[in-house]
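# Coordinate inspection notes
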Amino acid sequence: MKSWLGAEGKIINKKMVTVKLVPQNKQIETRGNRPAGTILKELGLALCSHLVVRKGQLITEDELVREGESITVISAISGGQR
């Protein structure tokens, strides 16, 4: 595995996928070379209520997320006003 510093000064592991969760404002790493839907299921997130974005483009649950990539998972359900 190869590691390097990313633009934000964070260590990035080439063999992992970086997953940013919105609106939770959390970031996690998971294994890559798997469909987006598999990653969502392993994180306990429902496919019907989350969108997956890679490089500014919406991707479907069957699209492969490769090692070293970053995705953003956006909750499509709002909790309303607080």
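Look above for the structure.
What comes next concerns the included structure.

What counts as what
- Each chain carries its own residue numbering, running from 1 in the written order of its sequence.
- Per-residue local features are limited, in this predicted model, to residues with pLDDT of at least 70; the limit for side-chain atom pairs, both in listing and counting, is 80 or more; totals at the level of whole chains, interfaces and linings are taken over all residues.
- Working from all heavy atoms in the structure, the side-chain values ignore hydrogens and water.
- Partly exposed residues are those whose accessible area sits between 20% and 50% of the maximum for their type, while under 20% is buried and over 50% is exposed, using a 1.4 Å probe and protein chains only.
- Per the convention used, a helix needs a DSSP run of H or I reaching at least four residues, while a strand needs a run of E reaching at least two, with both numbered from the N terminus.
- Two strands are said to pair when DSSP picks up at least two bridges between them.
- Note on definitions: salt bridges are taken to be side-chain nitrogens of Lys or Arg within 4 Å of carboxyl oxygens of Asp or Glu.

### Some thoughts on the pairing of strand S6 (residues 50–54)
- The buried fraction of S6 is high, at 4 of 5 residues.
- Relative to strand S9 (residues 70–75), S6 is paired through 4 bridges, and the arrangement is antiparallel. Across the sheet, the residue bridging to histidine 50 is serine 75, located in S9.
- Bridge count for S6 against strand S7 (residues 57–59) is 3 bridges, and the pairing is antiparallel. Pairing of valine 53 across the sheet is with leucine 58, part of S7.

### Things to note about the pattern of salt bridges
- In the structure shown here, the tally under the stated rule is 4 salt bridges.
- For the salt bridge of arginine 34 with glutamate 42, the shortest nitrogen-to-oxygen distance reads 2.2 Å.
- Between arginine 54 and glutamate 69 there is a salt bridge, and its shortest N-O distance comes to 3.3 Å. Separated by 15 residues along the polypeptide, arginine 54 in strand S6 and glutamate 69 in the loop between strand S8 (64–65) and S9 bring together distant segments of the chain. Neither arginine 54 nor glutamate 69 differs from the other in exposure class; each is buried.

Function-wise, these values are silent; they only describe arrangement.
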